[in-house]
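This is what each chain is made of:
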Amino acid sequence: MNPVSSVFTEYERRVLREIALRRVRRNPVQRLLEAAGRPVGGLLTAARSSKNFALRGVSGRIQVWVEEGLIKTVHVANRLARPEDTLRRYAARKIHVPDIESLRYLPLSQLDMVADSFRFSSAFTLGAEGAILGGATTLAEGIPGAQLIIPSLILTDVTSSLTLLSRHTCHVANAYGYSSRATENLPHLLGAMAPDSSTSDEGYLTIKAAVVTSMREAGQFITRASKVLIDRQLLEREAPQMVRLIAYVAERLGVVVTQKELGILIPVAGAVFNSSLNVAFNQLGHYAAKDYFRRLILEQRYGDELVAFAIAREIEAVRAEQPGRQTPAVTSGSA
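The structure contained in this document is the topic of the report that follows. (Residues numbered from 1 in each chain as written. Predicted model: local features only at pLDDT ≥ 70, side-chain atom pairs only at ≥ 80, totals over all residues. Heavy atoms only, no water.)

On to the environment of Asn174, then. With respect to the helices, strands and loops of the structure, Asn174 is situated in helix 7 (residues 150-175). Look at Asn174 and you get buried, because its relative accessible area is 0%. Placed 74 residues apart in sequence, Asn174 and Ile100 show a C-alpha to C-alpha distance of 6.6 Å. Ignoring sequence-local partners within four residues, the contact set of Asn174 consists of Ala81, Arg82, Pro83, Thr86, Ile100, Leu103, Ser179 and Ser180. (Helix = DSSP H or I, 4+ residues; strand = E, 2+ residues; numbered from the N terminus. Buried < 20%, exposed > 50% of the residue type's maximum accessible area, 1.4 Å probe, protein only. Contact = heavy atoms within 4.5 Å.)

Structure follows, in structure tokens:
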């Protein structure tokens, strides 16, 4: 054990290791979100540095709208995530503190336990929201006149999802002793939602838009095909991705899907896709917020430089474990 590691408790060393692992070994969902968001982020960056005044103006307005929208979303989420609920969860574990800020001095293992206790309920709520609005958006395409409400459904879905994701971040912040109601903690709340990658949120919104578009196309296909026989050739020629996916799965299972059954499966598939995306992003958001506030706690206890150095050493160790990878020497400012 090196002298730096010996400063931390055994549990804190495990936390440092987990932070390093998530920094280096991104899971498939995270890579997908970042890959999807990278082109959007690149376009916005190019627009901001463009010599064209109009492009810079549009990019600037988009940036302002995003920032204002995010701050408003966090404010709404704050009303839904009460610090008192967090204190009650600690009290249920026989841990009594006078206020939220006092939680910062508890062992990190206890803070992690309460933060994790919010994950299931948040995932369930987000999954239910995605299923309901995802299915409703698909069904609206097949109902005459209902298409008029689809833009409102899409806006409601995105706004609700982001609000619920923000609420979960507020719960995590409260669990680590950083009251979401305190104005000075707003930068921490925003930072915890995307601490490592600026493209994760953009990737979520990009894929969200793709899922919604797929649901709308599927609904339109069912409406257009209401009076024709649906067969494999028609699906291959005209069907959008979701319809084609259903046909592929049905064929692999040896099931013949009739036109009526396809019409039923479309909104179900749309609901499942939308719900799954919300749950996946909630899981990523949970660990991102957790790691952000864990690091803040450790920095408060041991200082920024020591924690940065310890994380850099762990990252170096993780990369060294990967075959064929060579890592340069780590300095204290590399984390």
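Resuming the write-up.
To continue, consider the packing of aromatic side chains. Taken as a whole, this structure holds five aromatic pairs when the rule is applied. Between Tyr178 and Phe293, the ring centres sit 5.6 Å apart and the planes meet at 40°, which makes this aromatic pair tilted. Of this pair, Tyr178 sits in the loop between helix 7 and helix 8 (186-193) while Phe293 is found in helix 12 (residues 259-302), placing the two residues 115 residues apart along the sequence. Per residue, the accessibility class of Tyr178 equals that of Phe293, and both read buried. A network of ring pairs unites the aromatic residues Tyr176, Tyr178, Tyr292 and Phe293 as a single cluster. Lying across the ring of Phe118, Arg89 places its NZ or CZ 3.9 Å from the centre. Its end group placed over the ring of Tyr178, Arg104 keeps NZ or CZ at 3.9 Å from the ring centre. (Phe/Tyr/Trp six-rings, centres within 6.5 Å; stacked < 30°, edge-to-face > 60°. Lys NZ or Arg CZ within 6 Å of the ring centre and 35° of its normal.)

Turning our eyes to something else, we now look at helix 13 (residues 304-321). Residues spaced three or four apart along an α-helix face the same direction, because each turn holds 3.6 residues. With 18 residues, helix 13 should cover 26 Å at 1.5 Å per step; its first-to-last C-alpha distance of 26 Å lies within 8% of that length. Listed as buried for helix 13 are Val307, Ala308, Phe309, Ala310, Ile311, Ala312, Glu314, Ile315 and Val318. (Expected span 1.5 Å × (residues − 1).)

This part covers the pattern of salt bridges. Tallying each qualifying case throughout the model produces 13 salt bridges. Residue Arg301 pairs with Glu12 through a salt bridge whose shortest N-O separation is 3.4 Å. Taken together, the positions of Arg301 in helix 12 and Glu12 in helix 1 (residues 10-24) put the pair 289 residues apart, joining distant regions of the chain. Given a relative accessible area of 29%, Arg301 falls into the partly exposed group. Glu12 sits in the buried class, given a relative accessible area of 4%. In this structure, a network of salt bridges that share partners links the residues Glu18, Arg22, Asp112, Asp291 and Arg294. (Salt bridge = Lys/Arg side-chain N within 4 Å of Asp/Glu carboxyl O.)

The next subject is the nonpolar core. Ranked by internal contacts, the top residues of the largest apolar core, which has 38 residues, are Leu16, Tyr90, Leu108, Leu111, Tyr176, Tyr178 and Phe293. For this core, the secondary-structure elements that each account for two or more residues are helix 1, helix 3 (53-80), helix 5 (108-117), helix 7, helix 8, helix 12 and helix 13. Among residues more than four places away in sequence, those in contact with Leu16 are Phe8, Leu298, Val307, Ala310, Ile311 and Glu314. (Core = buried A, V, L, I, M, F, W, Y, C linked by side-chain atoms within 4.5 Å.)

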